[in-house]
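These are the residues of each chain, in order.
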Amino acid sequence: MIVGVLRVELRLAGARSLKDKRRVVQSLLDRARREYRVAAAEVNQQDSWRRATLGFACVSAAADHAAQILSRVTGLIERETRVELIDYTIEIL
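Q: Explain a nonpolar patch on the surface here, please?
A: Together, Tyr88, Ile90 and Ile92 give the surface a local cluster of nonpolar side chains, amounting to about 230 Å² of exposed area. Within the secondary structure layout, Ile92 lies in strand β4 (residues 84–92). Taking relative accessible area as the criterion, Ile92 reaches 36% and is therefore assigned partly exposed.

Q: Help me understand the nonpolar core, please; the structure alone is not making it clear to me.
A: As a rule of thumb, soluble globular proteins bury nonpolar side chains together. Core analysis: the largest hydrophobic core is formed by 25 residues, its most contacted members being Leu10, Leu12, Val38, Leu54, Phe56, Val73 and Ile77. Secondary structure elements with two or more residues in this core: β1 (2–11), α1 (18–36), β3 (51–60) and α2 (63–79). In this structure Val73 touches Leu6, Ala32, Tyr36, Val38 and Phe56, once residues within four positions along its chain are discounted.

Q: Hey, could you run me through the pairing of strand β2 (residues 39–44) in this one?
A: Regular strands show a simple pattern: their side chains alternate between the two faces of the sheet. In terms of strand pairing, β2 meets β3 through five bridges, oriented antiparallel. Residue pairing for β3: Ala39 is matched across the bridge by Ala57. Joining the antiparallel neighbours β2 and β3 is a turn of six residues, in which Gln45 adopts a positive phi near 65°.

Q: Could you clarify how one ought to interpret the pairing of β1 in this entry?
A: Across ten bridges, the pairing between β1 and β3 is antiparallel. Bridging from a neighbouring strand, Arg11 pairs with Arg51 of β3. Sheet topology places β1 next to β4; eight bridges connect them, and they run antiparallel. Bridge assignment links Val5 to a residue of β4, and that residue is Glu91.

Q: Could you clarify how one ought to interpret the packing of α1 against α2 in this entry?
A: Helix packing for two helices is described by the angle between their axes and how far apart those axes are. As a packed pair, α1 and α2 sit with axes 11 Å apart at the nearest point and diverge in direction by 140°. For the element pair α1 / α2, the angle class is oblique. The chirality of how α1 crosses α2 is right-handed. Only Ile69, Arg72, Val73, Leu76, Ile77 and Arg79 of α2 make contact with α1, whose side of the interface consists of Leu28, Arg31, Ala32, Glu35 and Tyr36.

Q: Help me understand α1 in this model?
A: Think of an α-helix as 3.6 residues a turn; residues three or four steps apart then line up on the same face. Between the first and last C-alpha of α1 there are 26 Å, a value that for 19 residues agrees with the 27 Å anticipated at 1.5 Å per step. Turning to α1, its buried residues are Lys21, Val24, Val25, Leu28, Leu29, Ala32 and Tyr36. Angularly, the buried residues of α1 cover 130° about the axis, an arc narrow enough to put them on a single face. For α1, exposure combined with an orientation more than 90 degrees from the buried face picks out Lys19 and Arg34. Next to the buried residues of α1 lie β1, β2, β3 and α2. Just beyond α1, the residue with positive phi is Arg37, at close to 55°.

About the cut-offs
Residues numbered from 1 in each chain as written. Predicted model: local features only at pLDDT ≥ 70, side-chain atom pairs only at ≥ 80, totals over all residues. Heavy atoms only, no water. Patch = residues over 30% accessible without salt bridge, like charges linked within 9 Å, V, L, I, M, F, W, Y side chains within 5 Å. Areas by Shrake-Rupley, 256 points an atom, 1.4 Å probe, with all protein chains shown as cover. Salt bridge = Lys/Arg side-chain N within 4 Å of Asp/Glu carboxyl O. Helix = DSSP H or I, 4+ residues; strand = E, 2+ residues; numbered from the N terminus. Buried < 20%, exposed > 50% of the residue type's maximum accessible area, 1.4 Å probe, protein only. Core = buried A, V, L, I, M, F, W, Y, C linked by side-chain atoms within 4.5 Å. Contact = heavy atoms within 4.5 Å. Pairing = 2+ DSSP bridges. Axes fitted to C-alpha atoms, helices over the stretch in contact; angles between N-to-C directions. Parallel < 35°, antiparallel > 145°, perpendicular 65-115°, else oblique. Left-handed = near helix turned anticlockwise from the far one by under 90°. Expected span 1.5 Å × (residues − 1). Arc of directions from axis to C-beta.

Okay, here's the thing in structure tokens:
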């Protein structure tokens, strides 16, 4: 069993409140869950309305498959115009 973990740091330049931020973050999390069948959550900076840290995880039989799925999630986030991807890390356990 292989577990892949993705940690993403985001900047939300257009957010004017925590409500704005949560709308964008929840949309991203829901899309990633639906399209790639990953576990997803906001894992840090919940009280900051301009920054977000998201975590994603997947379980696979092969390390390259887990890395591929998490790379696709990263691509989904990069295409989102309402956020700026600051940094990300992928770990395969």
